[in-house]
Amino acid sequence: MQEEMLQENKPLDPDLMFSQLEEKLRTSGHPVNMERIRAAYEMAKQAHAGQLRKDGSPYVTHCVAAADITVDLGLDEDSIVAALLHDVIEDTTLTHADIAHQFGVPVADIVEGVTKLTRVQYTSKEEEQMENLRKMLMAMAKDIRVILIKIADRLHNMRTMAYQTTEKQRAKSLETMEIYAPIAHRLGMQRAKWELEDLSLQYLDPAGYMEITKSLEEKLPMLEGFMSSMEKKIQDRLEALGIQATIYSRIKHVYSIYRKMYAQKLDIDGIFDLCAFRVIVDTIPDCYNVLGIIHDMFKPVPGRFKDYISTPKPNMYQSVHTTVIGTEGIPFEVQIRTWEMHHTAEYGIAAHWKYKMSDGGDAVRSGDEDKFAWVRRLLETQQESDAQDFFHDLKIDMFADEVFVFSPKGDVINLPAGATPIDFAYSIHSDVGNHMVGAKVNGRIVTYDYVLQNGDIVEIRTSKSAPGPSRDWLNIVKSGSARTKIKQWYKKERREENVIRGREMLEDELKHNGLSLDDVLDEEILAPILKRLSYTSTEDMYAAIGYGGITVGRVANRLRDEIKNAKPDRKTALDKVAAAAERREQNAKKEGKAVHGILVEGLDNCLIKFSRCCTPVPGDDIIGFITRGQGVSIHRKDCSNYQKSLANAENEGRWIRVSWARETTDSYVTTLTIASKDRSGLVMDIATVLNALNAKVRNLSSRNTGGNLALTVITLEVKNAAEVRYIMGRLQAIPAVTSVTRNGS
Ligand code: MN
C-alpha cells in the first residue's frame, strides 16, 4: 500500500507550499515582515538544494511544512524564520554565524537549540529515565520556542512517516509516544498531543488502530446524527435564554479510546462516551450558566462533574466537564469554557506566547531574563492552586536548578545545576568516584571543576591505582551525595591510619610487659582473643585500639592471660612475662610510689600538680618544680616557663627530676592551639574531626584574631603523648588550618 502511495504521490512543489504559507500569514492578520520570512525560505531552499525527502520531494518542503505548523501554533516571526531554517545546521554547511549574520542571534540560537535536541540519542528506557529525558530536552531548550519548533518538526515527520521503513516508523513512533506527546501535553498543547499520539499508535499497534478506526467508521452515521441533534437542542435552548455560545462536537481521538479500552478491558461498544461536546462562551459566569442549563436539560451522570475553572489542571487547562445522558439513553461528555480557555487548551504555552506577542510583545523579546517573565508570572499565580507537577517541573526545567547529562551508555543522569564530573562519577558509584583519574565530556578531556551542561555525554576515566579523592574535591562538588561519599572514603582511610596507630600502641604496651608483638602474633594466642572480643581480624583489633574502641591495657591483659594458658611450648614467652613482672616489682621498690603516674626522685607520696602552662602527658619529657606549699608542679622540659626559669638563680635547686611511672592513669588534660584562616564551618569541621577520633573535649573556643585569621583553643583529655600527636595530625589536615601546636611550647 505504501508502495502505491509512493508511486501515486508527485513530488511536492516547495514554492507552491511557501506561497500558501505566505497567504496564510497575510490572512491571519499576523504582523510579520514577509521579506524576512521569504529570505529565510530562500536560504533554506538553497542550503538544502539537492536533498530529497523519502517521498521524493525537495527537502525544503519539510521546512515549509514545519513553519506552517508554527504559524498554526501562533508563534512569532523569529520562530517562523527559525522553523524554516531548523535543519540547516544539522544537514547543510550553514553555521550559527551564517544564520546570525542574516537573521540575528536569537534566530540562530533557536536553530542551534533545535539542532541540539535533534542530536540527543534516544533509546527506550524505563519510565523514570523517560521522565528525565523529557526534562533534559526541556532544560536544553532554554528558549521555549525551541521546544515548540521541535514539536512542529516532529509532527510533520510523523505525518509523513508512511514513507519510512517499518523499523524507523516504530522507533520514531515510540520516541514520539514517550517523549514528544508527553511534552506537548505538559505544555498544554492538546491538539498536537492528540495528533502525535494517534499517528504513533498507527505504527505501534496497527491492528488496534485499525480496529478502532473501522468501528468508528461504522458508527459514524449514527454518531453524526446523534451529535447534530444534540448540538441543535442545546443551541436552541441557549439562544432562547440569550446566551451567546459556539458549540462543537467531535468524536474522541483514537488513542484516548484505545487507552480506555485497555484500561477498562472493554471493547469499543463498551465505551459509551465516544463523542464529546464543547460549548464555548464569552465569560466565566456564562460557563456556569450553561452548566446549569445542560443539567436541567439532561440527567447528569453522578461523579463525572469536574470544575477545572476554579482548579485548573497543572498544564493550565481550564474548563468545566460534565457527562449527561442524552436522548435514547446515550451518555455524552460536555466541556464548557471561554474562548481564552479554549485557546489555552488547544495550543497551551504557545497560546500564551501568541497572547503576549500581540499584547506588548517587546517585553518578551528583550533579554534572556525577561524572556520567561510571563512563564514566571504564570508560575506565581499557579502556585496558589497547588498544581504540582507541571509548574514544579517547568520551573526546574526552565530555571535550571538541575542539569541532565548522559552516561556513555545513554542513561540520563540528573544532577544539581553546577555539578562537575566528580559529582557525575559518584552518582554512578562511589568506586567510580574514588578511582577517578580524569573525565571526558563529549569526547574531550575536561578539568575536574568543569561545570556540566545539559545533554553532555560524560565519561569518567578510572584507575585501580588512583590516589583517591582529594580534600579539594569537597569544595568542588555540588551534590550532597558526592560529598558524603568522599567523606566516607576519608573515614575508611582513617581506619587504615587507626590500624597503624593501634598496632604501635599495642607494641608499646607489650613492651611495658616485657613482651614484643612477635610473642603474641601467633594463631594459637590471637584467635581465641579475637573471638572473645568479637573482631574478625587482627587489623580490626588494631583499628579498634587506634580508634579507642577498646583500651590497649585490656587487650594486653587478655594476651598475657592467653600466653599463661597456652601449651608448654609457649614457655619461653611465659618466662619472659615472669621475668618482666619481677623486674617491674624491683623497679617499683626502687622507684617508690607513683602519684598520678608520676615518680618523683627521692620523694614518696608527695603532692603532684600538672602545670597549666604546658599540660604534660605521659610520653613527654618532664621535670618537676617544688612549689611553696603546693607540692611538685610537673612541666614539660620544652615548656617556655621552665626554660626561662633556668636563667633565674633564685629557682636553682627547686627543679627536681621526675619521670612517668610504668602505670599511668587513664586521662591527662592537655591544651592545643589551632591557627587557621577564618572560614565558615571551621569550628564544625574541628568538632567533627575530634568527634570521629572519640576525643574527650573539655573545652573548645575559637576567635577571630583579625586579618581573616582565627585561633581555636581546645582542652582535651588524652592517654599519652602519642595520642596527642595523632590528634594534632588529624587537625592539621583540616582545610584552612595553618598550624596546630601544644600550649607552652
Ligand atoms: Mn526537521
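Since we're looking at a predicted model, the values are computed, not measured.

## Observations concerning the nonpolar core
Of all hydrophobic cores here, the largest spans 75 residues; its most connected members are L85, I99, L133, I151 and L187. With nine residues, helix α10 (residues 144-159) is the single largest residue contributor to this core. Here this core spans two domains, and each of domain 1 (2-163) and domain 3 (374-492) adds at least three residues to it. Excluding residues that lie within four positions of it along the chain, I99 makes contacts with M43, L85, V88, I89, G104, V107, A108 and V111. Listed in part, the 39 residues of the second largest apolar core include V254, Y258, V281 and V324.

## Comments concerning the coordination of the manganese ion
Only H62 (NE2), H86 (NE2), D87 (OD) and D153 (OD) from the protein coordinate the manganese ion, and they sit 2.1 to 2.3 Å from it. When the donors of the manganese ion are listed by position in the chain, the intervening gaps give H-x23-H-D-x65-D. In this pair, H62 sits in helix α4 (residues 60-72) while D87 sits in the loop between α5 (77-84) and α6 (88-91), placing the two residues 25 residues apart along the sequence. You can call H62 buried: its relative accessible area is 1%.

## Structural notes on helix α7 (residues 96-103)
Within α7 the residues assigned to the buried category are I99, A100 and F103. On an axial view of α7, the arc spanned by its buried residues comes to 100 degrees, and they lie on one face. Of the surrounding elements, those touching the buried residues of α7 are α3 (34-47), α5, α6 and α8 (105-119).

## Overview of the sheet that holds strand β19 (residues 696-706)
Here we have four strands laid out as an open sheet, ordered β19-β20-β18-β21, and antiparallel in their pairing. Taken across any chain shown, the strands that pair with only one partner, and hence form the sheet edges, are β19 and β21 (737-742). Strand after strand, the sheet turns through a mean of 20 degrees between neighbouring axes, direction not considered. Both strand β18 (residues 668-677) and β21 contribute to a ladder of five bridges, which runs antiparallel. When the sheet's bridge partners are listed, I674 is paired in β21 with V740. Where helix α32 (residues 682-692) meets the sheet, its contacts fall on β18, β19, β20 (709-718) and β21, and the angle it forms with β20 comes to roughly 20 degrees. Contacting β18, β20 and β21, helix α33 (residues 721-732) crosses the sheet at an angle of about 165 degrees to β21.

## As for the sheet that holds strand β13 (residues 608-610)
One open sheet holds the four strands; their spatial order is β13-β15-β14-β16, and the pairing between them is mixed. Edge positions in the open sheet fall to β13 and β16 (655-656), since each of these has one partner strand only.

## So, a negative patch on the surface
The grouping of E504, E507, D508 and D518 at the surface amounts to a negative patch. Relative to the helices and strands, D508 resides in helix α25 (residues 480-512). For D508, a relative accessible area of 45% corresponds to the partly exposed category.

## A look at the confidence of the model for the protein chain
Scored by pLDDT, the protein chain comes out at a mean of 82, with 87% of its residues at no less than 70. Ranking the helices and strands of the protein chain by mean pLDDT puts α3 first, with 96, and helix α19 (residues 367-371) last, with 34. Under a pLDDT of 50 for its full length, residues 1-7 has, in the predicted model, eight contacts with residues more than four places off or in other chains. Across residues 355-399 the pLDDT falls below 50, and counting only partners more than four positions away or on other chains, this stretch makes 66 contacts in the model.

## Brief notes about the environment of I422
Inspection of the secondary structure puts I422 in helix α22 (residues 421-428). The spatial distance from the C-alpha of I422 to the C-alpha of A482 is 7.5 Å, given a sequence separation of 60 residues. In this structure I422 touches M436, Y448, W473, I476, V477 and I486, once residues within four positions along its chain are discounted.

Each value, and the rule that gives it
Residues numbered from 1 in each chain as written. Predicted model: local features only at pLDDT ≥ 70, side-chain atom pairs only at ≥ 80, totals over all residues. Heavy atoms only, no water. Core = buried A, V, L, I, M, F, W, Y, C linked by side-chain atoms within 4.5 Å. Buried < 20%, exposed > 50% of the residue type's maximum accessible area, 1.4 Å probe, protein only. Helix = DSSP H or I, 4+ residues; strand = E, 2+ residues; numbered from the N terminus. Domains from an automatic or database assignment. Contact = heavy atoms within 4.5 Å. Donors = N, O, S within 2.8 Å, 3.2 Å for Na, K, Ca; no water. Arc of directions from axis to C-beta. Pairing = 2+ DSSP bridges. Axes fitted to C-alpha atoms, helices over the stretch in contact; angles between N-to-C directions. Patch = residues over 30% accessible without salt bridge, like charges linked within 9 Å, V, L, I, M, F, W, Y side chains within 5 Å. Areas by Shrake-Rupley, 256 points an atom, 1.4 Å probe, with all protein chains shown as cover. Salt bridge = Lys/Arg side-chain N within 4 Å of Asp/Glu carboxyl O. Lys, Arg positive; Asp, Glu negative; His and termini not counted. Charge placed at Lys NZ, Arg CZ, Asp CG, Glu CD. pLDDT = per-residue confidence, 0-100.

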